[in-house]
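Fold and contact review
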Amino acid sequence: VFYDVSNPASPVLLGGADTDDYSLTDVTYNGSYAFASSNDATRELTAVRQSDFSIVDILDLSGSSGAGAIDWFGTNVYVGLNNNGSGYELAAINAADPANLLITSTIEVAESVERIQVDTNGQYAAAATRRDGKNLFMIDLSTFTEAHSGDVSGGSQAESGSLFGAHGYVGSTSSTEDVVA
């Protein structure tokens with residue numbers, strides 16, 4: 001669903017796309033297209049053109065049980081997937097042509113990615129996961145490899161994360177130490 005929020009006190013519904021009874025879990029927008037993740041195991045990424053609200057592509061990330069997190073930078077969409085046990089949970093998708101989405105890179109993090117955020121330079125992505133011992137993964141986007149990982153104390157699981165400057169922040173389920181910087 002697209003809204004005009006130029007007047008935040010009175011948002012105006014512009015239109016939306018019919019997603020055939022599958023629910024969307026996160027969305028990012030590049031100025032002309034919305035990219036939405038879904039927990040549907042055959043439709044993890046949907047591209048929607050804003051000008052006419054039409055779905056232009058649906059991507060099945062094979063082997064996944066759905067997606068929960070998404071971010072966009074440049075011509076790429078980064079999708080965090082649910083833990084599938086024997087495959088990747090983070091994918092880079094070339095969306096230069098949103099009608100022909102292409103998987104370009106994947107990485108195994110061994111747990112569901114709850115939140116992903118790309119830094120403002122497009123060099124790194126922070127992925128918050130529920131993996132004990134590795135709640136924050138820093139991914140080098142030039143090689144799509146793990147650059148660093150961190151943990152919140154107390155065995156908590158990450159629920160969210162964010163990047164700000166040179167710091168990565170993670171919100172956890174129950175720990176008294178909710179930040180990995």
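Above this text is the structure in question.
Calculation rules
Residues numbered from 1 in each chain as written. Predicted model: local features only at pLDDT ≥ 70, side-chain atom pairs only at ≥ 80, totals over all residues. Heavy atoms only, no water. Salt bridge = Lys/Arg side-chain N within 4 Å of Asp/Glu carboxyl O. Buried < 20%, exposed > 50% of the residue type's maximum accessible area, 1.4 Å probe, protein only. Helix = DSSP H or I, 4+ residues; strand = E, 2+ residues; numbered from the N terminus. Pairing = 2+ DSSP bridges. Axes fitted to C-alpha atoms, helices over the stretch in contact; angles between N-to-C directions. Phe/Tyr/Trp six-rings, centres within 6.5 Å; stacked < 30°, edge-to-face > 60°.

Close approach of charged atoms lets side chains of opposite charge pair. Counted by the stated rule, this structure contains one salt bridge. Two residues, Arg49 and Asp52, come together in a salt bridge whose shortest N-O distance is 3.1 Å. Among the residues examined, Arg49 registers a relative accessible area of 28% and is labelled partly exposed. The partly exposed category is assigned to Asp52, whose relative accessible area is 41%.

As a further point, take the pairing of strand S4 (residues 33–38). Among the six residues in S4, six count as buried, and that is most of the element. Residue alternation in S4 divides its side chains into two sets, Tyr33, Phe35 and Ser37 and Ala34, Ala36 and Ser38, and both sets are buried. Of the strand pairs in this sheet, strand S3 (residues 24–29) and S4 are connected by five bridges, and their pairing is antiparallel. If you follow Asp26 over to S4, its bridge partner there is Ser37. In this antiparallel pair of consecutive strands, S3 and S4, the connection spans three residues, and Gly31 shows a positive phi of 110 degrees. The sheet contact formed by S4 and strand S5 (residues 45–49) spans five bridges and is antiparallel. Residue Ala36 lies in a different strand from S5, and its bridge partner there is Thr46. Linking S4 to S5, which pair antiparallel, is a turn of six residues.

The next point concerns the sheet that holds S3. Taken in spatial order, the four strands of this open sheet run S3-S4-S5-S6, and their pairing is antiparallel. The open sheet has two edge strands with one neighbour each: S3 and strand S6 (54–59). On average, adjacent strands in this sheet sit at an angle of 25 degrees to one another, irrespective of strand direction.

As enumerated under the stated definition, the model contains four aromatic pairs in all. Taking the centre distance of 6.2 Å and the plane angle of 70 degrees together, the rings of Phe2 and Tyr29 count as edge-to-face. Here Phe2, found in strand S1 (residues 2–4), pairs with Tyr29, found in strand S3; they are 27 residues apart in sequence, far enough to count as distant. Between Phe2 and Phe53, the aromatic rings sit 5.3 Å apart at their centres with planes inclined by 45 degrees, giving tilted as the arrangement. Taken together, the positions of Phe2 in strand S1 and Phe53 in the loop between S5 and S6 put the pair 51 residues apart, joining distant regions of the chain. An aromatic cluster of three or more residues is present, and its members are Phe2, Tyr29 and Phe53.

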